[in-house]
Amino acid sequence: MRSWDIFCTVVDNYGDIGVCWRLARQLALDPGRRVRLWVDDLASFSRICPEIASDINTQHNCGVDVRRWREPFAAAEPADVVIEAFACDPPANYVAAMAQRQPKPVWINLEFLSAENWVLGCHGLPSPHPTLPLMKYFFFPGFVKGTGGLLAEPGLVESRERFQRTAAGQARYWHDLGLPAPRAGEYQVSLFCYPNGGVGGLLRAWAAGSAPLRCLVPEGIATQALSAFFDTETLAPGSVLRKAGLEVRIFPFLGQDQYDRLLWACDLNLVRGEDSFVRAQWAARPMLWQIYPQAEGAHWPKLQAFLGLYCAGLPPEITAVVTRFWLAWNKGDEAGVESAWAEFWPYRLELQAHARLWSDQLAASGDLANKLAQFCENLLK
């Protein structure tokens, strides 16, 4: 049996642990693997996986041994495969034990997702430790062949297809969330974003729209813009806010599987960071992505690189509309977002068809967990 250790530090609340938890669960599906997940913030973890207790240092869930990562780090036998998620640096005494182990573990730095061209040249490259007899390998998720692919559990596309073509299943989902079924002709939009000055523009556009729209928002998201637009401080789970044709419903954070189904059930998904961004692509619905903002504008080339890939199959006029909308949203341009919405949404049928084709294209490139497992097995031989 192969042992795997995944180290995760929670930086932006949910994205890092979201990716690591999906990876750990998928790896643990193989009975030939023993997976430990070391996490420094179990409270954030429990928001996306309610079965995780934030006050228990060692627990087991979905076939994964979950351990609280705290310093000083108690001695632990290094695994056959050690994954540091997003360059989080495993504990120094653990790395020292890795150097003493025979055979040496396979050490992976699971990198951030990027569509930039240089990823193809760096994926899988080794990097020797400066002082210890250890080699670290860089593993890059990606959207094209030659990269590590995206996380996608077995049967994901089939499950999504069953859900989206079955009205009864969707009705049960809304009921389980405590929400009424959508009204006839009403659009469903999920909103998950970082603080963004463009939210107010979208709310105005939605309220003034010719068709009713229901916006579904996790608690604690876009609170400033929602409070200002609806002139209320009541934004607790269960709150319902209405203005003209717009209805906003606030709900508690969902577990990953429930959140995935929310994305499947909506007509448009506004997502952020990495984990929800990837899941929106697997939802095969139109989407609007807010990339994680970085110092000195380092995120802009990454956003443009993804738009270049994603829009490659769209007609030029739709590509221009999508690009304007995404850029305005990421700049927090309230007026720009409001006017871009009026251009964007009339293309919803074309964008829906494109989203499905894009998902099929991603599926043909292979999934990250299997690619990672094969990469490590080749090194362990």
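Predicted, not measured: the structure shown is a model, and the values here were computed from it.

Moving on, we come to unusual backbone geometry. Each neighbour pair has its own omega, and for Glu71 with Pro72 the value is -5°, a cis peptide bond. By secondary structure assignment, the location of Pro72 is in the loop between strand E4 (64–68) and strand E5 (81–85). With omega at -5°, the peptide bond leading from Gln102 into Pro103 counts as cis. Although it is not a glycine, Cys62 adopts a positive phi angle of roughly 55°. In this fold, Cys62 is placed in the loop between strand E3 (58–61) and E4. The class for Cys62 is partly exposed, based on a relative accessible area of 47%. You will see that Ala87, though not glycine, has its phi angle at about 55°, which is positive. Among the secondary structure elements, Ala87 is positioned in the loop between E5 and helix H3 (92–100). Of the residues examined, Ala87 reaches a relative accessible area of 41% and is grouped as partly exposed.

Attention now moves to the sheet that holds strand E12 (residues 246–251). Read across the open sheet, the six strands follow the order E11-E12-E10-E9-E13-E14; overall the sheet is mixed. Edge strands, defined here as strands with exactly one partner in the open sheet, are strand E11 (240–243) and strand E14 (287–290). Neighbouring strand axes in the sheet, compared pairwise and without regard to direction, differ in orientation by 15° on average. With four bridges connecting them, E11 and E12 associate as antiparallel partners. Each residue of the ladder has a partner; that of Lys243, found in E12, is Leu246. Sheet strands in contact with helix H12 (residues 316–331) are strand E9 (187–191), strand E13 (268–272) and E14, and its direction is about 35° off that of E14.

Leu37 and Phe45 are the most contacted members of the largest nonpolar core, which totals 120 residues. Sequence-distant contacts of Phe45, defined by excluding residues within four places in its chain, comprise Ile17, Trp21, Leu37, Val39, Ile52 and Val66. Core analysis: the second largest hydrophobic core is formed by 14 residues, Trp38, Ala76, Ala79 and Trp107 among them.

Okay, helix H5 (residues 156–164) next. Along H5, the residues that are buried comprise Leu156, Arg160, Phe163 and Gln164. Down the axis of H5, the smallest arc covering the buried residues is 90°, so these residues share one side.

Quick look at the sheet that holds strand E8 (residues 135–139) now. One open sheet accounts for eight strands, arranged E3-E4-E2-E1-E5-E6-E8-E7; its pairing is mixed. Both outer strands of the open sheet, E3 and strand E7 (126–128), are each paired with one neighbouring strand and no more. Between one strand and the next, the sheet's axes are offset by a mean angle of 25°, whatever the strand orientation. In the sheet, E5 pairs with strand E6 (residues 106–110) via five bridges, with the strands oriented parallel. Across the sheet, residue Ala85 finds its bridge partner in E6, namely Leu110. Sitting on the sheet, helix H1 (residues 15–28) touches strand E1 (2–8), strand E2 (33–39), E3, E4, E5 and E6, and the angle it makes with E2 is about 165°.

A few words now on the packing of helix H7 (residues 199–207) against helix H13 (residues 334–344). H13 packs onto H7 with a crossing angle of 35° between their chain directions and a minimal axis gap of 7 Å. Read as a crossing pair, H7 and H13 show a hand that is right-handed. Every residue of H13 that contacts H7 at Gly200, Gly201, Leu202, Arg204, Ala205 and Trp206 is listed here: Glu334, Val337, Glu338 and Trp341. Residues of the contact of H7 with H13, tallied by class, amount to five nonpolar, two polar and three charged.

Applying the stated criterion to the full structure yields 20 salt bridges. Here Arg25 ties to Asp257 by a salt bridge, and the two come within 3.6 Å at their closest N and O atoms. Residue Arg25 is found in helix H1, and its partner Asp257 is found in helix H9 (residues 256–265); the two are separated by 232 residues along the sequence. Glu161 is the partner of Arg160 in a salt bridge, and the nearest nitrogen-oxygen pair spans 3.0 Å. Since its relative accessible area comes to 1%, Arg160 is described here as buried. Three or more residues are tied together by salt bridges with common partners; here these are Arg22, Glu153, Asp260, Asp275 and Arg279.

With that settled, the discussion passes to the packing of helix H11 (residues 299–310) against H12. Where H11 meets H12, the closest approach of the two axes is 11 Å, and the angle between their N-to-C directions is 155°. One finds that H11 runs roughly antiparallel with respect to H12. Both H11 and H12 take part in a crossing whose hand is right-handed. Residue-level inspection shows Trp300, Leu303, Gln304, Phe306 and Leu307 of H11 in contact with H12, the latter providing Val322, Thr323, Trp326, Leu327, Asn330 and Lys331. In terms of residue class, the contact of H11 with H12 is built from seven nonpolar, three polar and one charged.

Here we take up the environment of Arg272. Secondary-structure assignment places Arg272 in strand E13. As a C-alpha pair, Arg272 and Gln304 span 32 residues in sequence and 15 Å in three-dimensional space. In terms of polar contacts, Arg272 uses its side chain to reach the backbone carbonyl oxygen of Cys193, at 3.1 Å.

About the thresholds
Residues numbered from 1 in each chain as written. Predicted model: local features only at pLDDT ≥ 70, side-chain atom pairs only at ≥ 80, totals over all residues. Heavy atoms only, no water. Helix = DSSP H or I, 4+ residues; strand = E, 2+ residues; numbered from the N terminus. Buried < 20%, exposed > 50% of the residue type's maximum accessible area, 1.4 Å probe, protein only. Pairing = 2+ DSSP bridges. Axes fitted to C-alpha atoms, helices over the stretch in contact; angles between N-to-C directions. Contact = heavy atoms within 4.5 Å. Core = buried A, V, L, I, M, F, W, Y, C linked by side-chain atoms within 4.5 Å. Arc of directions from axis to C-beta. Left-handed = near helix turned anticlockwise from the far one by under 90°. Nonpolar A, V, L, I, M, F, W, Y, C, P; charged D, E, K, R; others polar. Salt bridge = Lys/Arg side-chain N within 4 Å of Asp/Glu carboxyl O. Parallel < 35°, antiparallel > 145°, perpendicular 65-115°, else oblique. Polar contact = N/O pair within 3.5 Å; in protein donor to acceptor, adjacent residues only side chain to side chain.

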